[in-house]
Amino acid sequence: MSARLDTAQPYVIGLFRIVVGLLFVCHGAASLFGVLGGAAGTNGGTIDAGTWPGWYAAVIQLVCGSLVLIGLGTRAAAFLASGSMAYAYFKVHQPKALWPMENGGEAPAMFCWAFLLLVFTGSGALGVDRLFAKRSRSAEQQEPARRKATVTA
């Protein structure tokens, strides 16, 4: 049973990455563009450009969420996203109360740990990172053959 589950692991990590990235993009798009109900506490509106920390958090959510969603630079984007959610939890939510259930910080806490997991697991299957890795491996395998051909010629 474990062997069968292990073969599916890259695909499940890829699906996990896609879902987490999409949800993060939705938060950023809501705050920046007023879609999907708008930014929290604005009654369907947006966050004013340059407002600290909300507008910057929304930009990170949109950009890093998009990168994680497509699996491009997943580890770096997930690291930045995880850090931004840790900041959001400890600076915005945690001062209100100790527990996430009490302070409204469940989403930042879950996003923080989900992105931290992706920092260590990588993009899994179905990501652009995977395509670049395959291309670089293919080029590395062809390089010794090229060297050998130029040496013998």
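Small disclaimer: the values here were computed from a predicted structure and weren't measured.

1. Let's talk about the confidence of the model for the protein chain
Argument step 1. For the protein chain, per-residue confidence averages 89 on the pLDDT scale, and residues scoring 70 or more make up 92% of the total.
Argument step 2. Ranking the elements of the protein chain by mean pLDDT puts helix α6 (residues 128-152) last with 70 and helix α5 (residues 106-121) first with 97.

2. Topic: the packing of helix α3 (residues 74-93) against α5
Relative placement of two packed helices is described by the angle separating their axes and the distance separating the axes.
Argument step 1. Relative orientation of the contacting elements α3 and α5 amounts to 155°, with a least axis distance of 8 Å. Classified by the angle their axes make, α3 and α5 are roughly antiparallel. The hand of the α3/α5 crossing is left-handed. On α5, the residues that touch Arg 75, Ala 78, Phe 79, Ala 81, Ser 82, Met 85, Ala 86, Ala 88, Tyr 89 and His 93 of α3 are Pro 108, Ala 109, Phe 111, Cys 112, Phe 115, Leu 116, Leu 118, Val 119, Phe 120 and Thr 121.
Argument step 2. Within the contact of α3 with α5, the residues separate by chemical class into 16 nonpolar, 3 polar and 1 charged.

3. Quick notes on a nonpolar patch on the surface
Argument step 1. Where nonpolar side chains cluster on the molecular surface, the patch consists of Tyr 11, Leu 15 and Leu 126 and spans about 330 Å² of accessible area.
Argument step 2. Tracing the sequence through the fold places Leu 15 in helix α1 (residues 2-33).
Argument step 3. Given the relative accessible area of 49%, Leu 15 is considered partly exposed.

4. Remarks on the packing of aromatic side chains
Argument step 1. On inspection of all chains with the given rule, the structure shows 7 aromatic pairs.
Argument step 2. On the numbers, 6.0 Å between centres and 65° between planes, the contact of Trp 52 with Tyr 87 is edge-to-face. Note that Trp 52 is positioned in the loop between α1 and α2 (54-70) and Tyr 87 in helix α3, a separation of 35 residues in sequence.
Argument step 3. Here the aromatic cluster, defined as three or more aromatic residues joined through ring pairs, consists of Trp 52, Trp 55, Tyr 56 and Tyr 87.

5. Points about unusual backbone geometry
Most peptide bonds take the trans configuration, and most residues that are not glycine carry a negative phi.
Argument step 1. Residue Trp 52 is joined to Pro 53 through a cis peptide bond whose omega torsion reads -5°.
Argument step 2. Structurally, Pro 53 is set in the loop between α1 and α2.
Argument step 3. Notably, Leu 36 is not glycine yet its phi reads approximately 55°, a positive angle.
Argument step 4. Take Leu 36: it is sitting in the loop between α1 and α2.

6. Notes on the nonpolar core
Argument step 1. Within the largest apolar cluster, 16 residues are counted, with the highest numbers of intra-cluster contacts made by Phe 24, Val 68, Ala 78, Met 85, Phe 111, Phe 115 and Leu 118.
Argument step 2. Every element with two or more residues in this core is listed here: α1, α2, α3 and α5.
Argument step 3. In terms of residue count, α5 provides more of this core than any other element does, 6 residues in total.
Argument step 4. Excluding anything up to four places from it in sequence, Val 68 contacts Arg 17, Gly 21, Thr 74, Ala 77, Ala 78, Phe 115 and Leu 118.

7. Quick look at the environment of Val 19
Argument step 1. Among the structural elements, Val 19 can be located in helix α1.
Argument step 2. Taking the relative accessible area as the measure of exposure, Val 19 reaches 48% and is therefore partly exposed.
Argument step 3. Remark: the alpha-carbon pair of Val 19 and Ala 77, spanning 58 residues in sequence, is separated by 15 Å.

The rules we used
Residues numbered from 1 in each chain as written. Predicted model: local features only at pLDDT ≥ 70, side-chain atom pairs only at ≥ 80, totals over all residues. Heavy atoms only, no water. pLDDT = per-residue confidence, 0-100. Helix = DSSP H or I, 4+ residues; strand = E, 2+ residues; numbered from the N terminus. Axes fitted to C-alpha atoms, helices over the stretch in contact; angles between N-to-C directions. Parallel < 35°, antiparallel > 145°, perpendicular 65-115°, else oblique. Left-handed = near helix turned anticlockwise from the far one by under 90°. Contact = heavy atoms within 4.5 Å. Nonpolar A, V, L, I, M, F, W, Y, C, P; charged D, E, K, R; others polar. Patch = residues over 30% accessible without salt bridge, like charges linked within 9 Å, V, L, I, M, F, W, Y side chains within 5 Å. Areas by Shrake-Rupley, 256 points an atom, 1.4 Å probe, with all protein chains shown as cover. Salt bridge = Lys/Arg side-chain N within 4 Å of Asp/Glu carboxyl O. Buried < 20%, exposed > 50% of the residue type's maximum accessible area, 1.4 Å probe, protein only. Phe/Tyr/Trp six-rings, centres within 6.5 Å; stacked < 30°, edge-to-face > 60°. Core = buried A, V, L, I, M, F, W, Y, C linked by side-chain atoms within 4.5 Å.

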